[in-house]
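For reference, the chains in residue letters:
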Amino acid sequence: RELTYQQTVDAVNKGVEKWEARLGKDDPIVIDDYQNAQYYGEISVGTPGQKEMVIFDTGSANLWVPNTRPFLSQKNIYDHSKSSTYKKNGTTFAIQYGSGPVSGVFSADTVTIGDLQLKDYTFAEVDKTSGLGLGYRLGKFDGILGLGWDSISVGHVPTPMNALVKSGQLPEPVFAFYLGNKQPGELVFGGVDPKHYTGSFSFVPLSSESYWEINLDGVKLGSQSVSSTKSAIVDSGTSLLAGPKSEVSQIAAKLGAKSILGKEYVVDCSAKLPDLTFTLGGKDYTLKQADLILQASGSQCVLGLTGLDVPPPRGPLWILGDVFMRKYYVQFDWGQKRLGFATAAQAEEKTEMQAVHVPLTKR
């Protein structure tokens, strides 16, 4: 009996260890949700660690944090003079977003992401963020941690995910996002979290190791095809669904939606909208009316849809941003160069609707 009991204890312990390994570390990174428009989580930079709130962005590949505080903002800033592990680099860093440029210099220091630590990691400390506009000053995030591939890394510095994989700290070369719906979500490095998805994953191989880019089989509104675009990227750093302007304007017209300043669209809240379906790897991923509507202002509802022309050679493409990722739990498989999709297991949703402008996070 004692032997049987001990065997049981050993089996339980091994099961716990396996479970923890699958999750990567004991504590997933909490992803805060600001009105379903910005998703961000905490890291620290330096020794002792200096807190920074960053967007974990699959649509870029560098880490940057501010070293100056923009006027009338309350950003957490990084001060390298207060870190015992700071190493000067000084090479110029400059990145171009859809809204404008951000620039500064490269430095190296210890970066802590959840329970994971990267020593002597090269990142950018930024002093010019005006290119991100008012949305950055008023936003809840301080910097951006890119989770894209090496080919789009500014300065060709190792990407955060590349560095994490090479550090040997991850049980698997995978990370996975759960985005909450008006509530916190989580990011897991090293595996997936079974409590946040239902069913099994369907995998689609990458078509390019730049953004997390895959082939797009088609887009349907109801049963009608509404796109000839052949590529899509899954981008946690873009708030909305974004597609070529000509295709989005045609979709909007079919929905009876009206444009606001040529960027966002509103539709009568009483209207019944058909499903919008993206076909990836031969499988349909459907967004229903409740998934597509972001905010309500009186009788008008803001759609999570915008037109954006990405020029060749990257484009044209569809950007499946947070609107898509709230509905589908996404596994970013760095090791096997593929994306896995499963239906997100959303907790009980908060139902209040707020009349606010919903900006793109960084595009």
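Within every chain, residues take consecutive numbers counted from 1 along the sequence as written. Given that the model is predicted, a residue must reach a pLDDT of at least 70 before its local features are reported, and side-chain atom pairs must reach 80 or more before they are shown or counted; all residues, however, enter totals for whole chains, interfaces and linings. The basis for every side-chain value is the complete set of non-hydrogen atoms in the structure, without hydrogens or water.

Draft legend 1. Examining the state of the cysteines more closely. Cysteine sulfur atoms that pair up within 2.5 Å are treated as a disulfide. Scanning all chains against the criterion turns up 1 disulfide. In this model, Cys269 is linked to Cys301 through a disulfide, with the two sulfur atoms separated by 2.1 Å. What sets the handedness of the Cys269 and Cys301 disulfide is the S-S torsion sign, and at about 115° it is right-handed. Here Cys269, found in the loop between β19 (264–268) and β20 (276–280), pairs with Cys301, found in strand β23 (residues 300–303); they are 32 residues apart in sequence, far enough to count as distant. A run of H or I in DSSP counts as a helix once it spans at least four residues, and a run of E counts as a strand once it spans at least two, with each numbered from the N terminus.

Draft legend 2. The packing of aromatic side chains, seen in detail. Paired rings are identified among Phe, Tyr and Trp, the last through its six-membered ring, by centres lying within 6.5 Å, and are further divided according to the angle between planes into stacked (under 30 degrees), edge-to-face (over 60) and tilted (the rest). Tallied over the full model, the rule gives 24 aromatic pairs. Ring geometry for Tyr78 against Phe123: centres 5.4 Å apart, planes inclined by 75°, an arrangement best described as edge-to-face. Remark: Phe123 occurs in strand β7 (residues 116–128) and Tyr78 occurs in the loop between β4 (63–66) and β5 (87–97); sequence separation between them is 45 residues. For Tyr78, a relative accessible area of 1% corresponds to the buried category. Measuring from ring centre to ring centre gives 5.9 Å for Phe175 and Phe189, while their planes differ by 45°; the resulting arrangement is tilted. A residue pair is termed long-range when its members are at least 10 positions apart, and Phe175 in strand β9 (residues 174–178) and Phe189 in strand β10 (residues 185–189) qualify at 14 residues. Comparing Phe175 with Phe189 shows no difference in burial state: the two are buried. Joined through ring pairs, the aromatic side chains of Trp149, Phe175, Phe177, Phe189, Trp212, Phe332 and Trp334 make up one cluster. Over a ring means this: the NZ of a Lys or the CZ of an Arg is within 6 Å of the ring centre and within 35 degrees of the ring normal. Sitting above the plane of the Tyr136 ring, Lys75 keeps its charged end 4.3 Å from the centroid. The ring of Phe141 carries Lys75 above its face, with NZ or CZ at 5.3 Å from the centroid. Categorising residues by exposure relies on relative accessible area from a 1.4 Å probe, with only protein chains included: less than 20% of the type maximum marks a residue as buried, more than 50% marks it as exposed, and the intermediate range marks it as partly exposed.

Draft legend 3. Region of the structure containing the side chain of Thr286. Along the chain, the position of Thr286 falls in strand β21 (residues 283–287). Here, residues are in contact when the closest pair of their heavy atoms is within 4.5 Å. Not counting residues within four places of it along the chain, the set of residues in contact with Thr286 comprises Asp275, Leu276, Thr277, Asp291, Lys327 and Tyr328.

Draft legend 4. Layout of the pairing of β20. Across the 5 residues of β20, 5 count as buried, placing the element largely inside the fold. The alternating pattern of β20 places Leu276, Phe278 and Leu280 on one face and Thr277 and Thr279 on the opposite face, and all of these are buried. Criterion used throughout: strands pair if DSSP finds at least two bridges between them. Here strand β14 (residues 218–221) runs beside β20; their pairing, made up of 4 bridges, is antiparallel. By the bridge assignment for β20, Leu221 is matched with Leu276. Where β20 and β21 come together, 5 bridges link them in antiparallel fashion. Pairing of Phe278 across the sheet is with Tyr285, part of β21. In this antiparallel pair of consecutive strands, β20 and β21, the connection spans 2 residues, and Gly281 shows a positive phi of 60°.

Draft legend 5. Representation of the sheet that holds β21 within the structure. Strands sit in the order β15-β14-β20-β21 across an open sheet of 4 strands; the sheet is antiparallel. In the strand order of this sheet, the two ends are held by β15 (224–225) and β21, each with one partner. Pairing of β14 with β15, which is carried by 2 bridges, proceeds in the antiparallel orientation. Each residue of the ladder has a partner; that of Leu221, found in β15, is Gln224.

Everything listed is a geometric property; what it means functionally is a separate question.
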